[in-house]
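Chain and residue survey
This is what each chain is made of:
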Amino acid sequence: MAPIGRRLASLLLTTLTVASLAACSNQTSEPAATSSTSGEAKTGGTLTYLEPQTWGSLYPPSGGFYPNGGLLNNLTDRLLYQNPDTLELEPWIATELPEVNDDATEYTFTLRDDVTFSDGTPLTAETVVKNIDLFGKGDTDRALPVSEAINNYEGGEVVDEHTVAFHFSAPSPGFAQAVSTINSGLVSDATLDLDSDGFGPGNAENFVASGPFVVEKEEIGTKISLKAREDYDWAPPSLQHQGRAYLDGIDYVVAGENSVRVGSLTAGQADIARQIEAPDEAVVTAAGLSIVSDPTNGVTNSLSIRFPSEKLSDIRVRQAIIAGIDREAIIEALFSDSYPLATSSLAKGAKGYRDQSANYVYDQAKANSLLDEAGWVAGSDGIRAKDGVKLSLAFNIALPQPRSADVLTIIQEQLREIGIEVTIISGDQAAQTAASADIDQVQIYHSMVARADYDVIKSQYYSANRNTLQNLSSATGEVTDPKLDELLLAVASSPEEADRAAASAAVQDYLSEQAYVLPLFEEPQVYGLATHVKGFSTESVARPSFYSTWLDR
Amino acid sequence: MPIVRRIAQALLVILLAFTATFILMQALPGDGVLARYQNPELGLTPEQIEQLRVVYGVDQPVWSQFLTSVGNYLAGNFGTSLQSGARVADLIVTALPETLVLAAAGFTLAVIVAVAIAFLASFPSMRWLRNAVRSLPPLFVSVPAFWVGILLIQVFSFGLGWVRVIGADGLEALILPAITLSVPISAPLSQVLIQSLDEVGESPYVAIVRSRGAGEWWVLTRNVAKNALLPTITIAGLLFGELVAGAVVTEAVFGRAGIGTLTEQAVANRDLPVIQAVVLLAAIGFVVINLVVDLLYPVIDPRLRRERTA
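If you're wondering where the values come from, they're calculated on a predicted model, not measured in any experiment. (Residues numbered from 1 in each chain as written. Chains lettered and ligands numbered in written order. Predicted model: local features only at pLDDT ≥ 70, side-chain atom pairs only at ≥ 80, totals over all residues. Heavy atoms only, no water.)

1. Brief notes about the confidence of the model for chain B
All names here are of chain B. Put simply, the rule reads: The pLDDT value tells you how sure the predictor is about a given residue, anywhere from 0 up to 100. Runs of H or I in DSSP of at least four residues are treated as helices and runs of E of at least two as strands, each being numbered from the N terminus.
Averaged over every residue, the pLDDT of chain B is 82; the share at 70 or more is 95%. The least confident element of chain B, judged by mean pLDDT, is helix α15 (residues 302-309) at 62; the most confident is helix α8 (residues 145-159) at 90. If you check the scores for this complex, the pTM reads 0.83 and the ipTM reads 0.77.

Encoded structure:
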């Protein structure tokens, strides 16, 4: 009896199991059946992504360069996650937002304990401190620069197995956002010991981090292939998607020629292409593909009018330049709807934005009368002069920015109409960089910078950072306008969020009142997507995120 | 003895090319370290950039940098790229095979095209065909290589879908670039070949051969072609420069990771160590090819053989 009974029991059990399994699968297969129409993610497939430039370094603080950032964003995790829609900070590798002391000089993070690097080593508190120490201090002996995002850094401390603390010599309110950026991507201990060469091309397969993808194969200068980590299970908790990435892999292929990127995309040879130029957007949409244009949420694409230059020291001349440039005509001629007219030195989506459009009005008659008032008289060639000096200004070409040379050519024509001569510095990136650092060579500087934090405006204009206005004169070594520096410092040193917003607004007011800056447009990142690409998104400054991307084919 | 002199000459050419590159690069404003680290994306302070310049040794006087550079080369150390930090030797070794394959395919195709054009252009009958074919080399030489490349991609890859540009391997990835590269190479080659075919065709001995009843085809293939080869081989040696220049454009358009792409990126970023290595490589290539061409002369022309032994 006993054996029969046992057999019966086991039969019963098996039947039950099968039945319940069937029931389960029924339940899941119902929505799965409708998923093809409602868009439930499919796992698998390799996505081909076209990049206009080859990457240069995987050292996370170099992540500002688009090709570097496009890789790092998918290879690394960060302590915090910045929601690209709301720009709010959310937990990621840190289990909650950090504890910050009153003057923002000490940050304490609690860490997840289940995170491993792709070489199998665990992500420990020691490793996290080692990461931020390197990024916050840099190491010039290894030619590894300090991260622009981390200010006033003193050092990190392992409090216990799951807790780390970071100390600052002065308030550093931007630090929490800084550890959410690509520039603070966490890498393994061994990777942290690499020097500048070790982070460079030819060594990508040795780059070890904890992100959803790992480098599988590298062909220097043309292609880098990533594959998904099967055991990835520590995505930001706020994301709907958890576990491994949907894609099996991503091929980043370098295609420098615009027509080749657009053509390959429309011919179905690639799935996503970065940097679709404005005139090509129509080609992409006409082929039935989609354009994704995401804002970079920082300082807009703008002209820094370098007031320490003698010709530009008179506010009326600066105001005349602003009134003499028809920005809408430039956007109309060269760009598309993806490039909104700028209304402040910061983009609308940037933290601390305040509308300044009243100060940026095109009015050629006003420009002429301002120059007349300021004593600049038109000569026989139509160029104004004063005391024998011609009103001639040199502009740099912002090579990384879209169509900079074309923009400047139109500005050259427009300013010629009000009697200002514009010369455009020619030459490669090295020549542009060298000339731009010298106020005698470049009086009006064309640039932009992306970072979704209040600090971004300080990065751009502060005398000890990018110093785009040459407020700290390269000639005399003196700060021409200490008030500007003071206003900028307030943005980066007020511990309270409301104070930082107010300080940022004050800087924008000052920049437009003093006619120091003419913002042109809000610079986007424009991607072209094949129709079968779903769930593609970008992080807070528009670098691609492939974690939740999937292919519907 | 002549061999020793040739080698000494070759070494001098290489050293001069190396020095000229160095001087030209120094004469331009800015340098590779500035280009990389003063990049506003990094937001480094002037002090930090100065420290990095010291690390890379670009703060040293020019003559000292030059001597260091020459010394390193003699020691077999080609340095690291200023732009990426990768070892220059690695970059060259990875890129060279790609370019060699492309150059060989492009050159072979160019020779085939040039010979076909020249023979059609010298073909006795059908005057209209001769004239039409004779207008091809000027056309080939005047169309820019990048334009030809883009056109080929648009038509054969995006339009007809015969070959892929993205994700292609092996032969598929070689066809369109090789055609692109062959266009500017075949033009001067065929021009010279046509001209010498014409000249030889009018020489007295050809008239004699004709008078003895040889057909036009016989004359062209047996008597004229062989004698018209010498100037063509000379120009083929000189075309190496054209090949390198064509490779830069072709590789950039097709996104091939060869020496051309490496050069283009190095020049754009003022990456002196990479530029120097590429120039040196090109100089060596030029010298070697022309040496081979010189050695080929006596093989083709028995008269030269006799002169040397005499």
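2. Some points on the sheet that holds strand β10 (residues 249-254) of chain A
All names here are of chain A. For clarity, the cut-off: In this description, strands pair whenever DSSP reports at least two bridges between them. Comment: axis = line fitted to C-alpha atoms, over the contacting stretch for helices; angle = value between 0 and 180 degrees taken between N-to-C directions.
Here we have seven strands laid out as an open sheet, ordered β8-β9-β10-β1-β11-β21-β12, and mixed in their pairing. The two strands at the open ends of the sheet, each matched to only one other strand, are β8 (213-219) and β12 (290-295). The average undirected angle you get between the axes of adjacent strands in this sheet is 20°. Relative to β10, strand β9 (residues 223-228) runs antiparallel, the two being bridged by five bridges. Note on β10: the bridge partner recorded for Ile224 is Tyr252.

3. Comments concerning the sheet that holds strand β15 (residues 384-386) of chain A
Hydrogen bonds between backbone groups are what pair the strands of a sheet, and the pairing can be parallel or antiparallel. Residue and element names in this part refer to chain A. Within the open sheet, the three strands sit side by side as β14-β15-β16. Their pairing is antiparallel. Whereas interior strands pair on both sides, the edge strands pair on one side only; in this sheet they are β14 (377-378) and β16 (389-390). Relative to β16, β15 runs antiparallel, the two being bridged by two bridges. The partner of Lys386 across the bridge, within β16, is Val389.

4. Regarding the pattern of salt bridges
Note the cut-off: We define a salt bridge as a contact between a side-chain nitrogen of Lys or Arg and a carboxyl oxygen of Asp or Glu at a distance within 4 Å. Each residue gets one of three labels from its accessible area relative to the maximum for its type: buried under 20%, exposed over 50%, partly exposed in between, using a 1.4 Å probe on protein chains only.
Within this structure, the stated rule accounts for 27 salt bridges over all chains. Measuring nitrogen to oxygen at the nearest pair gives 3.1 Å for the salt bridge that ties Asp314(A) to Arg316(A). When its relative accessible area of 18% is taken as the criterion, Asp314(A) is described as buried. The partner of Glu172(B) in a salt bridge is Arg164(B), and the shortest N-O contact between them spans 3.1 Å. Here Glu172(B) falls in the partly exposed class, since its relative accessible area comes to 24%. Connected via shared salt-bridge partners are Arg451(A), Asp453(A), Asp455(A) and Arg500(A).

5. Brief notes about the side chain of Ser225(A)
Residue and element names in this part refer to chain A. Threshold: As used in this structure description, the phrase polar contact means that two N or O atoms lie within 3.5 Å; if the pair is within protein, one of them must be able to donate a hydrogen and the other to accept it, and residues adjacent in sequence are counted only when both atoms belong to side chains. The contact definition used throughout considers only heavy atoms, calling two residues in contact when any of these lie within 4.5 Å.
Positionally, Ser225 belongs in strand β9. Relative accessible area serves as the criterion here: at 11%, Ser225 is assigned to the buried category. A distance of 2.8 Å separates polar atoms of two side chains, one belonging to Ser225 and the other to Asp251. Setting aside chain neighbours within four positions, we find Ser225 in contact with Val214, Val215, Glu216, Lys217, Ile250 and Asp251.

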